[in-house]
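Given next are the chains, with one letter for each unit.
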Amino acid sequence: MHIMKPSLLLTGYFWLIVAYMIFPALIVIPVSFSSSEFLRFPPEDFGLRWYGVYFTDPVWIAATVTSFRVAVLSTVIATTVGTMTGLAIIRSPTHAQAPLTYATTIPIVIPHIFIALGVFILALRLDLTDNEVALAFAHAAVAMPFVVLITSAAIRQIDPTIERAARVLGAGPFRAFRVATLPPLLPAMVAAAIFAFFVSFDELIIAQFLMKGSETLPMRIWADLRLDISPVVAAVSGLLIVVTTVALACAEILRRRAISTLAP
Amino acid sequence: MKFRQILWLFLPATLLLVAFIAAPSFDLFRASVFDPDFTTEHFERLINRSVYLDVMWRTIRVSLTVAVLCTLIGYPVAFFINLQPRRRQTLLLFLILIPMWMSILIRTYAWIVILGRDGLVNQMLAMLGLATEPMQMLYTSGAVLAAMVQILLPIQILTCYAAMTEIDFDLIRAARVLGARPRQALARVFLPLSLDGTLTGLVIVFMLSMGFFITPALLGGRQDTMIANLIEFQVQRLNWSFAAALGVVLLVLTVGMIVALRGAGKLLARRVLKGGL
């Protein structure tokens with residue numbers, strides 16, 4: 001529906017703001033192909049030197065592997081728990097759905113630094129610091145609300161009578177869920193899992209407080225930026241920008257499909 | 001579905017949130033007043049030293065500035081997307097979503113590349129012969145502000161956009177039929193109707209700014225320290241109880257300001273709905 005055609009001025013303004021939002025990230029990519037010792041723009045000569053450093057430095061690789069391990073565990077926890085919660089919310093009485101959604105998505109509004117400090121102080125007393133599993137659970141608690149929001153929106157679009165029919169025809173509750181509700185829900189779950197993965201993979205502060213011995217990738221980047229800003233960070237950033245954009249664009253497409261085409 | 005089954009489905013989330021959100025929050029409150037016996041010493045220290053009061057005041061001021069800037073910059077962007085045909089709206093939304101997904105650490109790093117001594121801006125100035133000496137742009141409040149607005153802008157645009165899509169465009173058409181000029185229809189009908197969602201966006205951006213840590217630490221100087229940076233500093237110096245007191249203050253200030261902003265927003269909305277702008 002159009003009330004008016006956007007003026008040339010507004011169009012120009014829109015693209016200017018888009019440039020402001022995207023340009024800083026794009027600038028990192030040419031810098032990552034520089035082969036000089038220092039951060040400089042435009043780079044004097046091009047090469048894959050800093051990508052080489054990243055892939056051969058055991059410290060960077062170890063940090064990446066740690067982050068990956070924590071993020072995978074955290075994603076499994078957040079997706080499982082979040083989908084169960086989304087299902088429980090939609091199957092609850094209508095008037096209870098909004099308060100239940102607020103209650104289970106509350107971590108979204110709490111500053112990460114507050115959660116990080118709380119988890120750290122508690123972990124100190126329970127002697128759980130420097131524990132990757134504890135970190136994965138803390139990340140899962142932060143990521144779960146996003147899973148709840150995505151999956152509950154998708155479950156709302158799924159006709160519950162199909163699952164009831166499966167029950168009537170003699171399937172147990174798990175089987176009925178698996179054959180009737182799970183298949184149409186799967187795209188939303190995959191989307192939610194990708195979002196949850198990057199919540200953990202990009203998270204710095206909780207990891208920074210909780211971990212001492214081993215390092216996650218954001219912790220490694222952070223340490224590097226605080227000491228000497230070497231172009232290795234540009235190479236890592238270049239890789240992450242591409243991976244994140246592709247993965248999350250796929251997730252967003254899946255999420256949109258899950259909440260639109262399934263409508264009865 | 002039976003009530004018992006629903007309860008079972010809620011159980012894992014309850015356990016996760018109690019163990020990793022509620023219990024740590026409770027422990028943080030406890031640590032702020034027990035060290036190891038009951039004491040208000042940490043809160044007294046916070047109130048009695050002007051350094052700490054400065055940091056609190058700055059955190060609120062910077063967050064408000066960022067929220068207002070994001071609103072002023074973001075509103076026309078959301079409006080522009082809303083004027084497009086449906087299919088193009090989806091495409092344009094992706095342009096807003098892509099920067100939002102990138103890690104804040106990397107987006108902050110990008111600003112170091114741009115504003116650094118040998119960064120993009122200084123190189124360009126030198127090339128154009130506009131500056132003989134590199135300008136100091138990193139470690140300034142302006143750098144922190146530019147980056148925080150850039151990082152949080154997509155969130156405000158998306159919130160405004162969502163609010164605008166809810167507006168019934170027949171109302172605007174009705175205003176036009178009744179003789180309102182486009183500008184009038186926008187100011188008297190569209191703007192008031194989108195106000196509530198815009199204020200929600202402003203509150204969300206404010207809330208997220210209050211906890212900002214990475215950007216002030218990397219792009220700001222000593223004069224740009226925010227509460228979250230102070231917390232990290234105290235944790236490094238093993239002053240956990242004092243850090244906990246700061247955490248409590250951060251949460252209380254954030255929640256208090258959200259309530260105040262919501263109240264102010266309601267008042268504003270009532271005035272706008274009554275008389276237009």
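Remember, it's a predicted structure, so these values are computed and weren't measured experimentally.

K.L.:
What is the right way to read the overall build of chain A from this model?
P.N.:
What chain A contains, in helices and strands, is 11 helices and zero strands. Each helix and strand of chain A, placed in order from N terminus to C terminus, yields the pattern α-α-α-α-α-α-α-α-α-α-α. Contacts in chain A between residues at least 24 apart in sequence constitute 71% of all its contacts with a sequence separation of at least 6. Total accessible area on chain A stands at roughly 11900 Å², and carbon and sulfur atoms take up 72% of it. Between the centroid of the 17 positive side chains of chain A and the centroid of its 15 negative side chains there is a distance of 15 Å.

K.L.:
Any chance you could explain the side chain of Thr 79 of chain A here in plain terms?
P.N.:
The topology assignment puts Thr 79 of chain A in helix α3 (residues 58–90). Once you skip the residues sitting within four places of it in the chain, Thr 79 of chain A turns out to touch Val 147, Met 189 and Ala 193 of chain A.

K.L.:
Honestly, the packing of α3 of chain A against helix α8 (residues 173–201) of chain A in this entry has me stumped. Any pointers?
P.N.:
All names here are of chain A. Between α3 and α8, the shortest axis-to-axis distance is 8 Å and the interhelical angle comes to 140°. Between α3 and α8, the crossing angle belongs to the class labelled oblique. Two packed elements cross with a definite hand, and for α3 against α8 that hand is right-handed. Between α3 and α8, the contacting residues are Thr 64, Ser 67, Phe 68, Val 70, Ala 71, Val 72, Ser 74, Thr 75, Ala 78, Thr 79, Thr 83 and Leu 87 on the first element and Phe 177, Thr 181, Leu 185, Met 189, Ala 193, Ala 196, Phe 197, Ser 200 and Phe 201 on the second. Class assignment of the residues belonging to the contact of α3 with α8 gives a composition of 13 nonpolar, eight polar and no charged.

K.L.:
Would you explain the interface of chain B and chain A in this entry?
P.N.:
Size of an interface: often given as the accessible area lost when the parts come together. With 84 residues of chain B in contact, the opposing surface of chain A contributes 84 residues. When the two sides are added together, the surface that chain B and chain A hide from each other amounts to roughly 7700 Å², 81% of it contributed by carbon and sulfur. It is Phe 20, Trp 101 and Tyr 109 of chain B that lose the most area in chain B upon contact with chain A, and together they represent 10% of the buried surface on that side. The shortest N-O distance in the salt bridge between Arg 125 of chain A and Asp 27 of chain B comes to 2.6 Å. One can count six residue pairs in polar contact (both at pLDDT 80 or more) joining chain B with chain A. The element that contributes the greatest number of residues to the side of chain B that touches chain A is helix α1 (residues 3–33) of chain B, accounting for 20 residues. Looking at the side of chain B that touches chain A, its residues break down into 67 nonpolar, 11 polar and six charged.

The rules behind the values
Residue numbering note: each chain is counted from 1, following its sequence as written. All chains are assigned letters beginning at A, and all ligands numbers beginning at 1, according to the order in which they are written. The predicted nature of this model means local features are confined to residues of pLDDT at least 70 and side-chain atom pairs, given and counted, to a pLDDT of 80 or more, with totals for whole chains, interfaces and linings taken over all residues. The basis for every side-chain value is the complete set of heavy atoms in the structure, and neither hydrogens nor water enter the calculation. Per the convention used, a helix needs a DSSP run of H or I reaching at least four residues, while a strand needs a run of E reaching at least two, with both numbered from the N terminus. Working rule for contacts: check all heavy atoms of both residues, and any pair within 4.5 Å makes them a contact. In this description, accessible areas are obtained by the Shrake-Rupley approach with a 1.4 Å probe, and a residue is regarded as covered only by the protein chains that are shown. His is not counted, nor are the chain ends, whereas Lys and Arg count as positive and Asp and Glu as negative. To locate a charge, take NZ of a lysine, CZ of an arginine, CG of an aspartate or CD of a glutamate. Where helices are involved, their axes are fitted lines through C-alpha atoms of the stretch in contact, as for all axes, and angles between N-to-C directions lie from 0 to 180°. Should an angle fall under 35 degrees it is taken as roughly parallel, and over 145 as roughly antiparallel, whereas 65 to 115 is taken as roughly perpendicular and any remaining angle as oblique. Should the near helix be turned counterclockwise from the far one by less than a right angle, the crossing is left-handed, whereas a clockwise turn marks it as right-handed. Residues are grouped as follows: Ala, Val, Leu, Ile, Met, Phe, Trp, Tyr, Cys and Pro are nonpolar; Asp, Glu, Lys and Arg are charged; all remaining types, including Gly, are polar. Values labelled buried area give the accessible surface lost by two parts on being combined, using a 1.4 Å probe and summing over both. By definition here, a salt bridge exists when the distance from a side-chain nitrogen of Lys or Arg to a carboxyl oxygen of Asp or Glu is within 4 Å. Polar contact criterion, stated in full: a pair of N or O atoms within 3.5 Å, where within protein one must be able to donate a hydrogen and the other to accept it, and residues adjacent in sequence count only if both atoms are side-chain atoms.

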